[in-house]
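# Breakdown of the fold
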Amino acid sequence: MKLTHDQAIELHGFNNLTKSLSFNMYDICFTRTREEREAYLKYIDEQYSAERLQKILKHVAEIIGAHVLNVAYQDFEPAGASVTLLVSEGPVTHDVPSESFEESPGPLPESLVMQLDKSHITVHTYPEFHPDEGISTFRADIDVSTCGEISPLKALHYLIRSFETDVMTIDYRVRGFTRDKSGHKLFIDHEINSIQNYIPEDVGELFDMIDVNVYQENIFHTKCKLRNFDLNNYLFGYTKDKLTPDEHIEITERLTMEMDEIFYGKNIV
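All of the points below concern the structure found in this document. The structure displayed is predicted, hence computed values, not measured ones. (Residues numbered from 1 in each chain as written. Predicted model: local features only at pLDDT ≥ 70, side-chain atom pairs only at ≥ 80, totals over all residues. Heavy atoms only, no water.)

## A few points about the nonpolar core
Note that soluble globular proteins tend to have their nonpolar side chains buried in a common cluster. Put simply, the test is: Each nonpolar core is a collection of buried residues, namely Ala, Val, Leu, Ile, Met, Phe, Trp, Tyr and Cys, held together in the definition by side-chain atoms within 4.5 Å. Exposure categories follow from relative accessible area, calculated using a 1.4 Å probe and restricted to protein chains: below 20% of the type maximum is buried, above 50% is exposed, and the middle band is partly exposed. Numbering goes from the N terminus for both helices and strands, where a helix is a DSSP run of H or I of at least four residues and a strand is a run of E of at least two. A contact between two residues is defined here by any heavy atoms of the two lying within 4.5 Å.
Core analysis: the biggest nonpolar cluster contains 47 residues, and Phe 23, Ile 121, Ile 142, Leu 156 and Phe 163 have the highest contact counts within it. Ranked by residues supplied to this core, first place goes to helix α2 (residues 50–64) with 8 residues. Contacts of Leu 156, omitting those with residues within four sequence positions, involve Phe 23, Ile 170, Ile 195, Tyr 198 and Ile 199. Among the nonpolar cores identified, the runner-up in size contains 15 residues, and Tyr 26, Ile 135, Tyr 234 and Ile 262 belong to it.

Below you can see the structure in the form of structure tokens.
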């Protein structure tokens with residue numbers, strides 16, 4: 001069945017489709033010494049503490065129109081944090097415009113857009129560093145899983161702007177099925193061609209992006225890597241004018257190699 005944006009489908013019971021968005025961001029830094037690495041990890045822990053991550057996820061719940069039932073959170077030693085929100089259908093403050101179903105970037109957290117049913121939102125952070133010093137990597141994994149009509153992709157706009165990211169991997173998938181009144185199964189209730197259509201144009205211009213989609217299985221995957229490289233953005237506590245020409249070349253090569261390996265998902269020799 002081909003769906004259009006303005007087509008209303010009367011369902012048998014409620015919408016049983018489960019839609020899951022996985023948003024993974026990577027922040028990369030060059031730390032020459034143990035002291036620099038420890039300072040970077042302290043900075044990351046402060047920037048992405050469980051308290052701040054709670055606020056981000058609660059804004060996500062607002063955007064998708066969900067009511068927070070329970071919050072579990074934990075900071076870890078020596079670094080890292082986790083937050084889980086159990087959410088349910090929330091109140092709708094206004095009628096949902098038809099463009100909510102279109103492939104377009106979602107809103108920032110000023111307004112609720114639609115109601116959802118039983119869902120959860122989670123985030124876990126993973127500070128990591130190379131055993132030979134030099135490269136430090138911070139990863140945050142956010143999962144938004146919903147049962148309802150609107151796609152959690154509407155929260156992607158806000159999530160991208162909430163993190164400083166060098167590489168992003170984004171997955172969206174629809175599972176299960178629901179039925180219309182005649183009993184006909186619906187395995188997806190909205191059109192989608194690419195996750196890229198949910199990334200704001202001004203953000204998309206900053207990244208090189210690759211899609212790997214399995215349309216017949218309702219699986220969509222997009223990888224993003226920053227297009228322009230400025231070494232100053234990857235040095236912690238000093239700028240590139242403090243480096244020798246050889247250090248400048250070596251550090252640039254190590255950082256770009258790290259980003260390429262994360263982006264392509266393989267070790268590059």
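## What about the packing of aromatic side chains?
The line we're drawing: Pairing of aromatic side chains here covers Phe, Tyr and the six-membered ring of Trp, requires ring centres within 6.5 Å, and sorts the geometry by plane angle: under 30 degrees stacked, over 60 edge-to-face, intermediate tilted. Two conditions define a charge sitting above a ring: the NZ of Lys or the CZ of Arg must be within 6 Å of the ring centre, and it must be within 35 degrees of the ring normal.
Throughout the structure, instances matching the rule amount to 10 aromatic pairs. Ring geometry for Phe 229 versus Tyr 234: centroids 4.9 Å apart, planes at 10 degrees, classification stacked. Taken together, a centroid distance of 4.9 Å and an interplanar angle of 75 degrees make the contact between Phe 263 and Tyr 264 edge-to-face. Among the residues examined, Phe 263 registers a relative accessible area of 2% and is labelled buried. Overall, the relative accessible area of 43% leaves Tyr 264 in the partly exposed class. Taken together, the ring pairs in this structure connect Phe 23, Tyr 48, Phe 138 and Phe 163 into an aromatic cluster. Its guanidinium or amino end placed over the ring of Phe 129, Arg 37 lies 3.8 Å from that ring's centre, counting from NZ or CZ. Note that Lys 185 overlies the ring of Phe 177, its terminal NZ or CZ placed 5.5 Å from the centroid.

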